[in-house]
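Chain by chain, the residues run as shown.
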Amino acid sequence: MPEKHTPSFLRALGKKPLPQQLSVEGQVYRLERVFKHDFFAATALYAGAKDRVVLKVGRKAPVFLLPLGWIGRWHAHHESAAYCKLQDLRIVPRFLGRFGKHGFIHQYIDGHALKKGEHVPDDFFPTLKQDIALIHQRQMAYVDLEKCENVIVGDDGKPYLIDFQIAWNWPAKFGGNLPPLSWIRTWLQRSDIYHLRKLQRRTRPDQLTNDELQESYRKPGYIRLHGAIVRPFTLMRRRILDWLDPGHRGGERGRTV
């Protein structure tokens, strides 16, 4: 059977390809491979003479003449702001600048996504916990720790976080420290702690106390409530996309490698 391709209107750049090369800090990088190209963004790896970088470009293409470029601009601004705010943390890749209005570039971390059952170094989770606590001190929440693939085990054995697309970063000048926004931030920060503990239970349970181990099995009520509200919409979205894009049914949509 011929290979089925994702319809262009379900791709962030439509029919347009990613650039074949980039210039970053005076160095030329050439496209090596595309990690993912879904509805909201296209993410790719670029190789230079000395190192590699990642380019992420948000939604540009319209859908049936409906302009959606504002989504990509907002995502790029939001995620870039998060990277910039956290540049001094050990677990955050170096931010290398914006790419037009819809994209940005950051350092590529040599390593692999955290796997269930993986025995990471002894200082892996202590380091990750310390920097997550610093993220929380800056009135932010990472939000996406439920996904193992967002936690990178570097070749140096250190933890790194990527993908701040849905991170909570509501500035105080816009009411971020006032209810109900402050309440939402607190819930999301507690969710970070719960998901971090669950990741540790799946990889280094020997580092958890008996109380922490038991706590990792107790899903907080606000997470259950969120799942009850969001899951029906997620299932509906998945069924619609399976109908529109049957070629990716059963896999992670938009991932190309």
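This one's a predicted model, so the numbers in the text were calculated from it and none came from an experiment. (Residues numbered from 1 in each chain as written. Predicted model: local features only at pLDDT ≥ 70, side-chain atom pairs only at ≥ 80, totals over all residues. Heavy atoms only, no water.)

Novice: Tell me about the overall build of the chain, and please be specific about residues and values.
Specialist: Summing up its helical and strand segments, the chain has five helices and nine strands in all. The C-alpha atoms of the chain give 19 Å as radius of gyration, which agrees with the globular expectation for 257 residues (18 Å, within 12%). Viewed in the frame of its principal axes, the chain has a C-alpha envelope of about 50 × 50 × 45 Å. Burial analysis of the chain (257 residues in total) assigns 44% to the buried set. Once local pairs closer than 6 in sequence are excluded, the contacts in the chain between residues at least 24 apart make up 62%. Element-wise, carbon and sulfur atoms account for 57% of the exposed surface of the chain, whose accessible area totals about 14,800 Å². Of the charged side chains in the chain, 42 are positive and 26 negative, and the gap between their average positions amounts to 8 Å. (Helix = DSSP H or I, 4+ residues; strand = E, 2+ residues; numbered from the N terminus. Rg over C-alpha atoms; globule rule 2.2 N^0.38 Å. Buried < 20%, exposed > 50% of the residue type's maximum accessible area, 1.4 Å probe, protein only. Contact = heavy atoms within 4.5 Å. Areas by Shrake-Rupley, 256 points an atom, 1.4 Å probe, with all protein chains shown as cover. Lys, Arg positive; Asp, Glu negative; His and termini not counted. Charge placed at Lys NZ, Arg CZ, Asp CG, Glu CD.)

Novice: Give a description of unusual backbone geometry that names residues and reports values.
Specialist: In this structure, the amide linkage connecting P179 to the following residue, P180, adopts the cis form with an omega of 5°. Within the secondary structure layout, P180 lies in the loop between strand 9 (159-161) and helix 3 (181-203).

Novice: Could you give an account of the nonpolar core, with specific residues and numbers?
Specialist: Counting residues in hydrophobic clusters, the biggest one holds 26 residues, and the most contacted among them are F125, L128, I135, L145, V151, L161 and F164. If you list the elements that add at least two residues to this core, you get helix 1 (69-85), helix 2 (124-137), strand 8 (151-154) and helix 3. Excluding anything up to four places from it in sequence, L128 contacts I91, V151, P159, L161 and L196. Counting residues in each nonpolar core, the second largest holds 13 residues, with L22, A42, A44 and I105 among its members. (Core = buried A, V, L, I, M, F, W, Y, C linked by side-chain atoms within 4.5 Å.)

Novice: Account for empty space enclosed by the protein, with residues named and values stated.
Specialist: The probe, sized like a water molecule, is rolled over the atoms to show the empty space still left. Summed over the entire model, instances satisfying the criterion amount to one cavity of 30 Å³ or more. Lining the largest cavity are F40, A41, K56, G58, G72, H75, A76, E79, H102, F104 and Q165. Secondary structure elements with two or more residues in the lining of the largest cavity: strand 4 (52-58) and helix 1. Per element, the largest residue contribution to the lining of the largest cavity is four residues, and it comes from helix 1. Along the lines of polarity and charge, the residues of the lining of the largest cavity split into four nonpolar, five polar and two charged. (1 Å grid on protein atoms, 1.4 Å probe; cavity = no way out; pocket = protein on both sides within 12 Å on 5 of 7 lines; lining within 4 Å. Points joined across faces, edges and corners; volume = space filled by probe spheres on them. Nonpolar A, V, L, I, M, F, W, Y, C, P; charged D, E, K, R; others polar.)

Novice: Can you break down the side chain of H37 residue by residue, with the values?
Specialist: Note that H37 resides in strand 2 (residues 27-37). By relative accessible area, which is 6% here, H37 ends up buried. Separated by 3.2 Å, the side chain of H37 and the backbone nitrogen of A12 make a polar contact. (Polar contact = N/O pair within 3.5 Å; in protein donor to acceptor, adjacent residues only side chain to side chain.)

Novice: Tell me about the sheet that holds strand 9, residues and numbers included.
Specialist: Each strand in a sheet pairs with its neighbour through backbone hydrogen bonds, running either in the same direction (parallel) or in the opposite one (antiparallel). Sheet architecture is open: three strands sit in the order 7-8-9, paired in antiparallel fashion. Looking at strand neighbours, the two that pair on one side only are strand 7 (111-113) and strand 9, the edges of this open sheet. Here the strands of the sheet are splayed against their neighbours by 35° on average, with no regard to which way each runs. Running at roughly 35° to strand 9, helix 2 makes contact with strand 8 and strand 9 of the sheet. (Pairing = 2+ DSSP bridges. Axes fitted to C-alpha atoms, helices over the stretch in contact; angles between N-to-C directions.)

Novice: So, the sheet that holds strand 6 (residues 103-107): which residues are in play, and what are the values?
Specialist: What the six strands build is an open sheet, ordered 1-2-3-4-6-5; its pairing is antiparallel. Single-partner strands in this sheet number two, and they are strand 1 (21-24) and strand 5 (95-99). Within this sheet the neighbouring strands show an average axis-to-axis angle of 30°, counted without direction. Pairing of strand 4 with strand 6, which is carried by five bridges, proceeds in the antiparallel orientation. Residue pairing for strand 6: L55 is matched across the bridge by I105.

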